[in-house]
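Each chain, written out:
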Amino acid sequence: MNQKEVEVLELIRRNPYLSQQEMAEHLNMSRPSLANFISNLMKQGKILGRAYVLPEEKTVICIGGANVDRKFLIQHRAQMGTSNPASVSGSVGGVARNVAENLGRLGHSVKLLSIVGNDSEWKLIESASNSFMSTELTKAVEGFSTGTYTAILEPDGEMLLAMADMKIYDFLTPEYISKNDSTLLSAAFLVIDLNCPLETVEYVRQLASANKIPLAVIPVSAPKMDRLSEDLTGISWLILNRDEASKYLQVSIDSLDDWQQAVQQLVNRGAEAVVITAGKEGAMAGNSTGIRYYPSMQVDQVTDVTGAGDAFSSAIVHSVMEDQEFETIIRTGMMNAAKTLASNDTVRHELTAVQLQKELEELQ
């Protein structure tokens, strides 16, 4: 073998799931040249054929937002047009990142696929996240700012207003995502939030559908529901709140019948399972076999609503991967959300799979 063939063989040995384009970029050569080297190696018997793409360690890949969150807790009821005394705290956030941390704490192998600025905010996110997920798929880009999210909370912890600077996610394009196709194809589960552009959500949906990879889609807010296409085929779990469902379907959801019909419409569009949440009012969830209402779990004192939805979604993914029954999946999501509502942290620090199971058993 010549030196280039040795380099190609060593790269394949380290990661047999790389596409030819990824290998060519890694070795700084054209794709046709790489194809010739691979052909020669196959003739020499050094390569027997393409590796089968199999899930590695049940890895979950979370695609979307990784932000710095800032929360202003005002001391009294908000007064518009004037200064309001408040305390401020900061933490790392982003829907995809929060779901990834929840899943990491629950014992899953997780990779975060996002885009960030090469700035102090990203260094903060990276430092806080590395214990729970791999950030190797997330690229820091010069000249851009990492996403930020600022929430203003009423004295009881309820959100009054939130502001988000998420322009950087416009660069989470299909071309950006496709550079990691081999990793996506080896995933046991994909999660994507709607910080991603419509074209990217569609790219991931179609990839998941064609390759039978479970996919959860988690909206970020009602205004971003236009990033979800009408065809929901390939989405294993669509998890959204009532405002988001109302915006997407262009219908009012005022009664239990409206709520149930909304779930049915989303299932009819191709989603395998749908959950529409409504905070204290519970959730409506179902699939092609049936839809039912689930009352919320009691929370004695709401400390902070931030992160509760992400806790709900991540516990659902966790339970699905544990092959739980549908009702158990929803109840597990509700339990993690309820415990997060009572926590000061966006992702509660005591969370483990054992702790979550214990909390469910205590409820019974």
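Criteria and cut-off values
Residues numbered from 1 in each chain as written. Predicted model: local features only at pLDDT ≥ 70, side-chain atom pairs only at ≥ 80, totals over all residues. Heavy atoms only, no water. Phe/Tyr/Trp six-rings, centres within 6.5 Å; stacked < 30°, edge-to-face > 60°. Helix = DSSP H or I, 4+ residues; strand = E, 2+ residues; numbered from the N terminus. Buried < 20%, exposed > 50% of the residue type's maximum accessible area, 1.4 Å probe, protein only. Lys NZ or Arg CZ within 6 Å of the ring centre and 35° of its normal. Pairing = 2+ DSSP bridges. Axes fitted to C-alpha atoms, helices over the stretch in contact; angles between N-to-C directions. Contact = heavy atoms within 4.5 Å. Salt bridge = Lys/Arg side-chain N within 4 Å of Asp/Glu carboxyl O. Parallel < 35°, antiparallel > 145°, perpendicular 65-115°, else oblique. Left-handed = near helix turned anticlockwise from the far one by under 90°. Arc of directions from axis to C-beta. Patch = residues over 30% accessible without salt bridge, like charges linked within 9 Å, V, L, I, M, F, W, Y side chains within 5 Å. Areas by Shrake-Rupley, 256 points an atom, 1.4 Å probe, with all protein chains shown as cover.

A.B. asks: Please clarify how the packing of aromatic side chains should be interpreted in this entry.
C.D. replies: What describes a pair of aromatic rings is the distance from one ring centre to the other and the angle between the planes of the rings. Counted by the stated rule, this structure contains three aromatic pairs. Both rings, one in F144 and one in F171, keep their centres 4.6 Å apart while their planes meet at 55 degrees; by these two values the pair is tilted. Of this pair, F144 sits in the loop between β6 (139–141) and β7 (148–153) while F171 sits in the loop between β8 (159–165) and α6 (174–178), and the two are 27 residues apart along the sequence. Taking relative accessible area as the criterion, F144 reaches 32% and is therefore assigned partly exposed. Ring centres of W237 and F326 lie 5.3 Å apart, and the angle between their planes is 20 degrees; on these two criteria the pair is classed as stacked. Within this pair, whereas W237 is found in strand β11 (residues 237–241), its partner F326 is found in helix α12 (residues 326–341), the two being separated by 89 residues in sequence. Directly above the aromatic system of W259 lies the positively charged group of R242, at a separation of 5.1 Å from the ring centroid. Across the ring face of Y294, the terminal group of R292 is positioned such that the distance to the ring centre comes to 4.3 Å.

A.B. asks: How should the pairing of strand β12 (residues 273–277) be read in this particular structure?
C.D. replies: For a regular strand, side chains alternate in direction, first toward one face of the sheet and then toward the other. Counted residue by residue, β12 has five buried out of five residues, so it is predominantly covered. Neither face of β12 is open: one carries A273, V275 and T277, the other V274 and I276, and all of them are buried. Here β11 pairs with β12 via five bridges, running parallel. Looking at β12, one finds that W237 is bridged to A273. Direction of pairing for β12 relative to strand β13 (residues 283–287): antiparallel, over a ladder of five bridges. Bridge pairing links I276 to M284 in β13. Counting the residues between successive antiparallel strands, the hairpin from β12 to β13 contains five residues, one of them, G279, with a positive phi of roughly 55 degrees.

A.B. asks: Before we go on, may I ask you to explain the pairing of strand β1 (residues 60–63) in this structure?
C.D. replies: Residue alternation in β1 divides its side chains into two sets, V60 and C62 and I61 and I63, and both sets are buried. Relative to strand β4 (residues 110–113), β1 runs parallel, the two being bridged by four bridges. Note that in β4 the partner of I63 across the bridge is L113. Bridge count between β1 and strand β9 (residues 189–193): four bridges; the pairing is parallel. Bridged to V60 within β9 is F189.

A.B. asks: What should I look at first to understand the sheet that holds strand β3 (residues 86–93) in this one?
C.D. replies: Within a beta sheet, neighbouring strands are joined by backbone hydrogen bonds and run either parallel or antiparallel to one another. Reading across the sheet, the four strands line up as β3-β2-β7-β8 and stay open at both edges, with mixed pairing between neighbours. Strands at the two margins of the open sheet, each flanked by one partner only, are β3 and β8. Each strand of the sheet is rotated relative to its neighbour by a mean of 15 degrees, with strand direction disregarded. Where strand β2 (residues 67–74) and β7 come together, six bridges link them in parallel fashion. Residue pairing in the sheet places V68 in a bridge with T148 of β7. Strands β2 and β3 of the sheet are contacted by helix α5 (residues 120–129), whose axis makes an angle of about 95 degrees with β2.

A.B. asks: It is not clear to me how the pattern of salt bridges should be interpreted in this structure. Could you clarify?
C.D. replies: Any two side chains of opposite charge can pair, on the condition that their charged atoms come close. The final tally for this structure, using the stated rule, is 12 salt bridges. With a shortest N-O distance of 2.9 Å, R105 and E101 are connected by a salt bridge. Of this pair, R105 and E101 both sit in helix α4 (residues 95–105), four residues apart, which is roughly one turn of that helix. We classify R105 as buried; its relative accessible area is 16%. We classify E101 as buried; its relative accessible area is 5%. Salt bridges sharing common partners tie together R97, E101 and R105.

A.B. asks: Explain the packing of helix α1 (residues 3–14) against helix α2 (residues 20–27) to me, please; I cannot follow it from the model alone.
C.D. replies: Remark: α1 packs on α2, axes separated minimally by 11 Å, with the N-to-C direction vectors making an angle of 125 degrees. Relative to α2, the element α1 lies oblique. Crossing geometry of α1 relative to α2 is assigned as right-handed. Here K4, E7, V8, L11, I12 and R14 of α1 lie close against α2, whose contacting residues are M23, H26 and L27.

A.B. asks: Quick question: what am I supposed to make of helix α13 (residues 353–363) here?
C.D. replies: Within α13, burial applies to L356, E359 and L360. Seen from one end, α13 has its buried residues packed into an arc of 100 degrees, which puts them on one side. Turned more than 90 degrees off the buried face of α13, the exposed positions are V354 and E362.

A.B. asks: Hey, could you run me through a nonpolar patch on the surface in this one?
C.D. replies: Together, M80, L160, L161 and M163 make up a nonpolar patch on the protein surface, roughly 410 Å² of accessible area in all. Examined against the element boundaries, L161 turns out to sit in strand β8. Since its relative accessible area comes to 43%, L161 is described here as partly exposed.

A.B. asks: How should I be thinking about the sheet that holds strand β14 (residues 290–294) in this particular structure?
C.D. replies: The eight strands lie next to each other as β4-β1-β9-β10-β11-β12-β13-β14, forming an open sheet whose pairing is mixed. With one partner strand each, in any of the chains shown, β4 and β14 form the two edges of the open sheet. For this sheet, the mean angle separating the axes of adjacent strands, direction not counted, is 15 degrees. Most of the contacts of helix α10 (residues 256–268) go to β13, to which it runs at about 35 degrees, and overall it touches β11, β12, β13 and β14.

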